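# Observations on chain architecture
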Amino acid sequence: MLESFMRLPKSPPPANHRHVQQGDLPSGQIYTLDPVPRSRLAGCVLAVLLSGWMLAVPIALIDRLKDAPGPGTAVLTGGIIASALVTAGLGGFRFFNARDVRKRSSGALIAALAAAVTAAAASALLPEYGLLLAVPGLLAGVPALVALARDHRRHPAPGTRN
């Protein structure tokens, strides 16, 4: 037991096992990532916020919606929920993978957001919804669509000529 307390201190590790810090490297070996376009981040955040609102409104109005006559309300509510889920999923994926340069994920988010804005605008035709989805759809969805569409056009995928 006395031997374990009397151990000599360890010598420093060899140079090839040391942790290399950024200041130790020549400037040619330091790699920095390009900044993420703000329009992409803003569009993703607005898409996710709009989707959350579009999911919360039908839940809050469930008592009004279940008593609505005809199948139109149920069909529109199903479309609203489906487009909100897809938009939230794609918006979150695109936000957390903002440096991803694949055009398909960006195009899919734009298409889902366009469907969500269309469903939100169509909800104004039903008295059960009123303007609860149409106004946020126009105030948040349209600017998000514009920002994402501009970003989609401005930042071509590598290896393509756009």
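All chains use their own residue numbering, which begins from 1 and follows the written sequence. Residue-level local features of this predicted model are given only where pLDDT is at least 70; pairs of side-chain atoms are given and counted only at 80 or more, and the full residue set underlies all totals for whole chains, interfaces and linings. Side-chain figures throughout are based on the complete set of non-hydrogen atoms in the structure, without hydrogens or water.

## Thoughts on helix α5 (residues 103–122)
Helix numbering and strand numbering both begin at the N terminus, where a helix is a DSSP run of H or I of at least 4 residues and a strand a DSSP run of E of at least 2. For a helix, the expected span equals 1.5 Å multiplied by the residue count minus one. Across its 20 residues, α5 extends 28 Å between first and last C-alpha, which sits within 8% of the 28 Å expected from 1.5 Å per residue. The classification of residues rests on relative accessible area computed with a 1.4 Å probe and restricted to protein chains. Under 20% of the type maximum is buried, over 50% is exposed, and intermediate values are partly exposed. What α5 keeps buried is the set Ser105, Ser106, Leu109, Ile110, Ala112, Leu113, Ala116, Val117, Ala119 and Ala120. Working rule for contacts: check all heavy atoms of both residues, and any pair within 4.5 Å makes them a contact. Tucked into the core, α5 has its buried residues touching α2 (38–60), α4 (72–96) and α6 (134–154).

## Topic: the environment of Leu90
Position of Leu90 among the secondary structure elements: in helix α4. The sequence separation of Leu90 and Ala112 amounts to 22 residues, and the corresponding C-alpha distance is 8.0 Å. Excluding anything up to four places from it in sequence, Leu90 contacts Ala108, Leu109 and Ala112.

## Digging into the packing of aromatic side chains
Put simply, two rings from Phe, Tyr or Trp (the six-membered ring, in Trp's case) pair if the centres are within 6.5 Å, and we call them stacked under 30 degrees between planes, edge-to-face over 60, tilted for the rest. In total, this model carries 1 aromatic pair according to the counting rule given. Both rings, one in Phe95 and one in Phe96, keep their centres 5.1 Å apart while their planes meet at 85°; by these two values the pair is edge-to-face. A relative accessible area of 32% places Phe95 in the partly exposed class.

## Here we look at α4
The end-to-end C-alpha distance of α4 is 36 Å, a good match for the 36 Å that 25 residues give at a rise of 1.5 Å each. All of the buried residues along α4 are Thr73, Leu76, Thr77, Ile80, Ser83, Ala84, Thr87, Gly91, Gly92 and Arg94. Those residues of α4 that are buried lie in contact with α2, α3 (62–66), α5 and α6.

## Digging into the packing of α5 against α6
Taken N-terminus to C-terminus, the directions of α5 and α6 make an angle of 160°; their axes are 9 Å apart at the nearest point. The angle between the axes of α5 and α6 places the two elements in the roughly antiparallel class. Here α5 and α6 pass one another in a crossing that is left-handed. Across the interface between the two elements, Lys103, Ser106, Gly107, Leu109, Ile110, Leu113, Ala114, Val117, Ala120 and Ala121 from α5 touch Ala134, Gly137, Gly141, Val142, Ala144, Leu145, Leu148, Ala149, His152 and Arg153 from α6. Any residue outside Ala, Val, Leu, Ile, Met, Phe, Trp, Tyr, Cys, Pro, Asp, Glu, Lys and Arg is labelled polar, Gly included; the first ten of those are nonpolar and the last four are charged. For the contact of α5 with α6, the residue count by class is 13 nonpolar, 5 polar and 2 charged. Axis lines are fitted to C-alpha atoms, over the contacting stretch for helices. Their N-to-C directions set the angle, which ranges from 0 to 180 degrees. Here is the rule for angles: anything less than 35 degrees is roughly parallel, anything more than 145 is roughly antiparallel, 65 through 115 is roughly perpendicular, and the remaining ranges are oblique. The hand of a helix crossing depends on one turn: near helix anticlockwise from the far one by less than a right angle means left-handed, and clockwise means right-handed.

The values are spatial; any link to function lies outside them.
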